[in-house]
Protein chains: 2
Amino acid sequence: MDALGDPTRRAIFELLTREEHAVGELATQFPISRPAVSQHLRVLVDAGLLTVRRDGARRLYAADPAGIALLKASVERFWRDALVAFKDVAEHPPAQQSPAEQPPEEEA
Amino acid sequence: MDALGDPTRRAIFELLTREEHAVGELATQFPISRPAVSQHLRVLVDAGLLTVRRDGARRLYAADPAGIALLKASVERFWRDALVAFKDVAEHPPAQQSPAEQPPEEEA
DNA sequence: ACTTACCGTAAGTGAAGACTCACCAAGCAG
DNA sequence: CTGCTTGGTGAGTCTTCACTTACGGTAAGT
């Protein structure tokens, strides 16, 4: 989850969830150099969020379903553990219909 | 969402979702100084995740339901936008992988 | 009023990391 | 083989940020 902390890395990852891309392709779509893209990819691969496939001299990167599943699990664990007291509130956003906002009581 | 990037800040936030705390109380429960806690709280308040309440000379901080709802909305938006192609996979955990599970480790 | 407790802010330090350029390895075409 | 393309790695720079100490400002107790 720390791997998605960087905005550029999130954008790269998002692109790769749609279709696989080579490093050079990614580098042209971002205002950073190719080595920088490579380093971001390395982080994402180490985090288990990407898979690499070799196509001649090129490397095709794509999102890894397994890593994504783990990511979702960890996000939901955080949601369950950290936000127990706000589960109801988080379920129906107050900006939407029927804002039954009821701040839970906390005792000192 | 960037406000929860720091582990210490996540821990502080998690504590405040359970019950409100004064700055000094928080400082005793973490291996950092009181000003450091104050700075973390500032970030969380600026992010709209915390509310402040004055009690004499003390400041009681607590999680903000509205901010939490927005956070959850943004997380779910990311999930929907970025991971469309993996919705099914993310729904059920990766017990085992497809036959395409073969580590291409031919690098020298 | 003085004293003590609680807290925010300013200034400075140190580590983490995102980025660049330069170099080198691997694959394909001639 | 040479030449071109693709891409990973190392070294170095620079920015960001979490942290500290020092200080100022407000509230409650005496």
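Residues numbered from 1 in each chain as written. Chains lettered and ligands numbered in written order. Predicted model: local features only at pLDDT ≥ 70, side-chain atom pairs only at ≥ 80, totals over all residues. Heavy atoms only, no water.

**Notes on helix H4 (residues 65-82) of chain A**
Residue and element names in this part refer to chain A.
At step 1: The terminal C-alpha atoms of H4, which comprises 18 residues, lie 26 Å apart, in line with the 26 Å expected from a rise of 1.5 Å per residue.
At step 2: For H4, the set of buried residues is Ala66, Gly67, Ile68, Ala69, Leu71, Lys72, Ser74, Val75, Phe78, Trp79 and Ala82.
At step 3: Where H4 begins, the capping side chain belongs to Asp64, and its oxygen is found 3.1 Å from the backbone nitrogen of Ala66. (Helix = DSSP H or I, 4+ residues; strand = E, 2+ residues; numbered from the N terminus. Expected span 1.5 Å × (residues − 1). Buried < 20%, exposed > 50% of the residue type's maximum accessible area, 1.4 Å probe, protein only. Polar contact = N/O pair within 3.5 Å; in protein donor to acceptor, adjacent residues only side chain to side chain.)

**Digging into the confidence of the model for chain A**
All names here are of chain A.
At step 1: Chain-level statistics for chain A give a pLDDT mean of 82 and a share of 80% at 70 or above.
At step 2: Looking over chain A, one finds the lowest element-wise mean pLDDT in helix H5 (residues 87-91), namely 59, and the highest in strand S1 (residues 21-22), namely 97.
At step 3: For the stretch residues 95-108, pLDDT sits under 50, and the model shows 13 contacts to residues farther than four places along the chain or on other chains. (pLDDT = per-residue confidence, 0-100. Contact = heavy atoms within 4.5 Å.)

**Side note on the protein's contact with DNA strand D**
At step 1: In the vicinity of DNA strand D lie 25 residues, with Gly24, Ser38 and Tyr61 of chain A together with Ser33 and His40 of chain B positioned nearest.
At step 2: Each atom of DNA strand D within 4 Å of the protein was assigned to sugar, phosphate or base; sugar and phosphate come to 60%.
At step 3: Interatomic distance of 2.4 Å between a side-chain N/O atom of Ser38 of chain A and a phosphate oxygen of DNA strand D.
At step 4: When residues of the surface near DNA strand D are traced back to their parent elements, those giving at least two are helix H2 (23-28), helix H3 (34-46) and strand S3 (58-63) of chain A together with helix H1 (7-18) and helix H3 (34-46) of chain B.
At step 5: The residue makeup of the surface near DNA strand D, split by class, is 10 nonpolar, 8 polar and 7 charged. (Near = heavy atom within 4 Å. Nonpolar A, V, L, I, M, F, W, Y, C, P; charged D, E, K, R; others polar.)

**Digging into the pairing of strand S2 (residues 50-55) of chain B**
Residue and element names in this part refer to chain B.
At step 1: Taken together, the 6 bridges between S2 and strand S3 (residues 58-63) define a ladder with antiparallel strand orientation. Residue pairing in the sheet places Arg53 in a bridge with Leu60 of S3.
At step 2: Joining the antiparallel neighbours S2 and S3 is a turn of 2 residues, in which Gly56 adopts a positive phi near 65 degrees. (Pairing = 2+ DSSP bridges.)

**Focus: the pairing of S3 of chain B**
At step 1: For strand S1 (residues 21-22) of chain B and S3 of chain B, the ladder comprises 2 bridges, and the chain directions are antiparallel. Each residue of the ladder has a partner; that of Ala22 of chain B, found in S3 of chain B, is Leu60 of chain B.

**Brief notes about the environment of Leu4 of chain B**
At step 1: Its place among the elements puts Leu4 of chain B in the segment before H1.
At step 2: Relative accessible area serves as the criterion here: at 8%, Leu4 of chain B is assigned to the buried category.
At step 3: Expressed as a C-alpha distance, the spacing of Leu4 of chain B and Leu49 of chain B, which sit 45 residues apart in the sequence, is 9.6 Å.
At step 4: Among all residues touching Leu4 of chain B, those that are not within four sequence positions of it are Phe78 of chain A together with Arg10, Phe13, Leu44, Leu49 and Leu71 of chain B.

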